[in-house]
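Understanding the architecture of this molecule
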Amino acid sequence: MFGSVRFVLALMVVFHHLFLPVLIGPFAVFGFYMMSGYLMNLVMHESYGFSLRGRLSFALNRFLRLYPQYWFSCLFSIFLIAWLGEELTKTYHHSIYRPAELTDYIFNLLMIFPGWYPVDVNPRLVPPTWAITVELFFYATICMGIAKTAARTLVWFLVSVAYFAVSYQMNWPDADRYFPIPAASLPFSIGAALYFLSKHGAITNFFKTYSPSSDFYLSILLINAAFSVALTKLNGDSASIGDIAFYINLLVCFLLYLNIINGRTLGVVNKFVDKLLGDLSYPFYLLHWQVGLVASYFLFSKPLHEFSLNGLISVSASIILLFVISLGLIALIDKPIQLLRAKIKKRHSDSRASGYPLPRRESISPSGQDLRQELAARPAKCAMQADLQQFRADGEPDFMTSGELSNDKFRGGTD
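A short tour of the structure in this document, coming up. Just so it is clear, the model here is predicted, and its values are computed rather than measured. (Residues numbered from 1 in each chain as written. Predicted model: local features only at pLDDT ≥ 70, side-chain atom pairs only at ≥ 80, totals over all residues. Heavy atoms only, no water.)

Moving on to the overall build of the protein chain. Scanning the protein chain from N- to C-terminus turns up 14 helices and 0 strands. Counting all 415 residues of the protein chain, 53% fall into the buried class. Sequence separation of at least 24 residues holds for 80% of the intrachain contacts in the protein chain that already meet a minimum separation of 6. Roughly 18,300 Å² of accessible area belongs to the protein chain as shown, and the carbon and sulfur atoms make up 68% of that amount. (Helix = DSSP H or I, 4+ residues; strand = E, 2+ residues; numbered from the N terminus. Buried < 20%, exposed > 50% of the residue type's maximum accessible area, 1.4 Å probe, protein only. Contact = heavy atoms within 4.5 Å. Areas by Shrake-Rupley, 256 points an atom, 1.4 Å probe, with all protein chains shown as cover.)

Attention now goes to the packing of helix H1 (residues 2-18) against helix H2 (residues 24-48). For any two helices packed against each other, the geometry is given by the interaxial angle and the distance between the axes. Contact geometry for H1 and H2: axes closest at 8 Å, N-to-C directions at 150°. For the element pair H1 / H2, the angle class is roughly antiparallel. As for the relative orientation of H1 and H2, their crossing is left-handed in sense. Every residue of H2 that contacts H1 at Phe2, Val5, Arg6, Leu9, Ala10, Met12, Val13, Phe15 and His16 is listed here: Ile24, Gly25, Phe27, Ala28, Gly31, Phe32, Met35, Tyr38 and Leu39. (Axes fitted to C-alpha atoms, helices over the stretch in contact; angles between N-to-C directions. Parallel < 35°, antiparallel > 145°, perpendicular 65-115°, else oblique. Left-handed = near helix turned anticlockwise from the far one by under 90°.)

Right, let's talk about the side chain of Ser198 for a bit. Among the structural elements, Ser198 can be located in the loop between helix H8 (181-197) and helix H9 (201-209). Here the side chain of Ser198 touches Tyr195 through a polar contact of 2.6 Å, landing on its backbone oxygen. Among residues more than four places away in sequence, those in contact with Ser198 are Thr204, Leu258, Ile261 and Asn262. (Polar contact = N/O pair within 3.5 Å; in protein donor to acceptor, adjacent residues only side chain to side chain.)

Counting residues in hydrophobic clusters, the biggest one holds 109 residues, and the most contacted among them are Leu9, Tyr33, Tyr70 and Tyr257. Here the element with the most residues in this core is H2; it accounts for 16 residues. (Core = buried A, V, L, I, M, F, W, Y, C linked by side-chain atoms within 4.5 Å.)

A word on the packing of aromatic side chains. Within the structure shown, the criterion is met by 38 aromatic pairs. Seen from their ring centres, Tyr92 and Trp289 are 5.6 Å apart, and the 85° between their planes marks the pair as edge-to-face. Placement of Tyr92 in helix H4 (residues 86-92) and of Trp289 in helix H12 (residues 271-300) is noted, with a sequence separation of 197 residues between them. Centroid distance Tyr117 to Phe179: 5.9 Å. Interplanar angle 75°. Geometry classified as edge-to-face. Here Phe179 lies in the loop between helix H7 (150-169) and H8 and Tyr117 lies in the loop between helix H5 (102-110) and helix H6 (130-144), a separation of 62 residues in the sequence. A single burial state applies to Tyr117 and to Phe179, both of which are buried. Its guanidinium or amino end placed over the ring of Tyr139, Arg62 lies 5.6 Å from that ring's centre, counting from NZ or CZ. Between Lys90 and the ring centre of Tyr97, over which it is positioned, the NZ or CZ distance is 4.6 Å. (Phe/Tyr/Trp six-rings, centres within 6.5 Å; stacked < 30°, edge-to-face > 60°. Lys NZ or Arg CZ within 6 Å of the ring centre and 35° of its normal.)

Looking now at the pattern of salt bridges. This structure, assessed with the given rule, holds 5 salt bridges. A salt bridge links Asp334 to Arg65; the nearest nitrogen and oxygen atoms lie 3.3 Å apart. Taken together, the positions of Asp334 in helix H13 (residues 309-354) and Arg65 in helix H3 (residues 52-84) put the pair 269 residues apart, joining distant regions of the chain. An identical accessibility class is assigned to Asp334 and Arg65; each is buried. (Salt bridge = Lys/Arg side-chain N within 4 Å of Asp/Glu carboxyl O.)

In this section: a nonpolar patch on the surface. On the surface, Leu60, Phe63, Trp71, Leu102, Tyr105, Ile106, Leu109, Leu110 and Ile112 cluster together into a nonpolar patch covering about 820 Å² of accessible area. Examining the composition of the nonpolar patch, we find that 5 residues originate from one element, H5, more than from any other. Structurally, the position occupied by Leu109 is in helix H5. (Patch = residues over 30% accessible without salt bridge, like charges linked within 9 Å, V, L, I, M, F, W, Y side chains within 5 Å.)

What follows is about unusual backbone geometry. Here Asn122 and Pro123 are connected by a cis peptide whose omega angle stands at 0°. Along the chain, Pro123 turns up in the loop between H5 and H6. We note that Met111 has phi near 60°; this positive angle belongs to a residue other than glycine. Within the fold, Met111 resides in the loop between H5 and H6. Overall, Met111 belongs to the buried group, its relative accessible area being 0%. Notably, Asn171 is not glycine yet its phi reads approximately 60°, a positive angle. Mapping Asn171 onto the fold places it in the loop between H7 and H8. Residue Asn171 is classed as exposed on the basis of its relative accessible area, which comes to 67%.

Spatial relationships are all this shows, so hold off on functional conclusions.
Right, here's the structure in full:
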């Protein structure tokens, strides 16, 4: 059921960027970070493993999932620049303009924007990909084993909490608790900890027996975001409201994800719809700025994203266009690549299964019957385990949709 949650968070990002430039973008971003922390830790432990081959397989699958659709989105931005002109695209979003330096091309090709604030590295042909720079960093650290054990994960979490504590003590700007890589360490570490908490019997029994439904937690998440927007619009100053709502959002995401992990699925969608929504969320993330520009240009003959009736019309049209374009991307790019990714996963699972140790020699009866039974049973057992691991791995999030605010106006601003 993570697919449905990802899509809801993606819609929060779209509305934040194209209609409501307050609060809800960072809520969605940290929700995605936490989800990625859990699912990347899950697939490393249960699908790939921490051998060199496992790490390389993980990295290759991440590359195949993230980059082909991203490069298409870059080409779409280049087409818009050539068609509408750089002045208009920069008016709509300041980072959409033609790369000039070699480093600009390299950064946009690799989707890596180095800097304390990756959001300040321009041009970015796909504006929100500053946050994928953050994601890629933590993919690498999880792959290298920062959350390999529960003890390591606890240390990681405590260091992340310390960063936030120091930021408040030193009166750092709110942007330092959102844009830099160290800021994302907190939700990623919480997500990684979810993997170990999901293995704890008492916690599992509690959530299966006493916890409210996942629909309840998702509703609370949306209500928290809606109240934050409403109060911010009424009061103007969003600093205190933003801090309280921001950490409520983290807590609700934590409870929602733990609920889903323990089998409390969302009651409003089936598995097919959940997977489809999850697949749609990545192209929604990559293309919503570009599609928003096209929609506003055709509807109003000017670049427009604002809190107004025209803004609401524009974002509604953008969502319809995003559905159509995203379905095309899934069919033409994502599905063929998914077949290749599935082969990589299967090959790696088979290699892990074939490495299952043979029984000790002294345990074999003189007749050899036990040996034949053992050798017949163990590959089957390994195959079932590999199938389970691959099934669970299919739920991994393959993108991080993100909100994007100017670094001096984290609460309520927009770049």
